[in-house]
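Observations on chain architecture
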Amino acid sequence: MDFTFKVLENTRGILKKIIENNTLENLNKIPKGFNNNIIWNIAHVLVSEQLLAYKLSGLDSTLSDDMINTYRKDTKPNGNVSQAEVDEIKDLLLSTLEKTKEDYYDDVFENYNAYTVSTTGNTLTNIDEALQFVAIHEGLHYGYILALLKAIKN
């Protein structure tokens, strides 16, 4: 799992730089033809990792229920995100992943409730599969963010 965690760390680092290199207005902008914005996508990957790793393992997430309900699958932006919320999301990018990595190597994820993901149809049956899917999921959203960046610059 070392490689999977390295991929996730690199992706989260890229997402952190995207936050740092864009204005609050750009992070919140929903270009024509899109359903969401950059900051929603970044917060969504945080929430998805927590749900796929912790909730499906029967464990508590480190994220608030409010954050989970705001950015989970099948949600979309509901107004602009404040600078304070952006700062919180940015801080959580690496801290949540570090906690997941620590918990993984401490064998905290003992149980797992199988879950079939809608994007690929694969059924996740254990934490290793969940984290491998999380890496794919974050890559998909990184690609979507790149499209959003291109759209807001035009």
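Everything discussed here concerns the structure shown above.
In this report, we go over the structure that sits alongside the text. (Residues numbered from 1 in each chain as written. Predicted model: local features only at pLDDT ≥ 70, side-chain atom pairs only at ≥ 80, totals over all residues. Heavy atoms only, no water.)

1. Focus on the layout of surface pockets
When its volume is computed, the largest pocket comes out at roughly 440 Å³. In terms of lining residues, the largest pocket is bounded by 18 residues, among which His44, Ser48, Lys73, Tyr115 and His137 are the most central. Counting residues per element, the ones that place at least two in the lining of the largest pocket are helix H3 (38-53) and helix H6 (127-153). Per-element accounting of the lining of the largest pocket gives the leading share, six residues, to H3. Broken down by class, the residue content of the lining of the largest pocket amounts to nine nonpolar, six polar and three charged. Size it by volume and the second largest pocket reaches roughly 240 Å³. In terms of lining residues, the second largest pocket is bounded by 16 residues, among which Asp66, Thr70, Tyr71, Val81 and Glu85 are the most central. (1 Å grid on protein atoms, 1.4 Å probe; cavity = no way out; pocket = protein on both sides within 12 Å on 5 of 7 lines; lining within 4 Å. Points joined across faces, edges and corners; volume = space filled by probe spheres on them. Helix = DSSP H or I, 4+ residues; strand = E, 2+ residues; numbered from the N terminus. Nonpolar A, V, L, I, M, F, W, Y, C, P; charged D, E, K, R; others polar.)

2. Regarding unusual backbone geometry
Its identity as a non-glycine residue notwithstanding, Asp74 has a phi of 70°, on the positive side. Here Asp107, not a glycine, exhibits a phi torsion of approximately 55°, which is positive. Within the element layout of this structure, Asp107 appears in the loop between helix H5 (83-105) and strand E1 (115-116).

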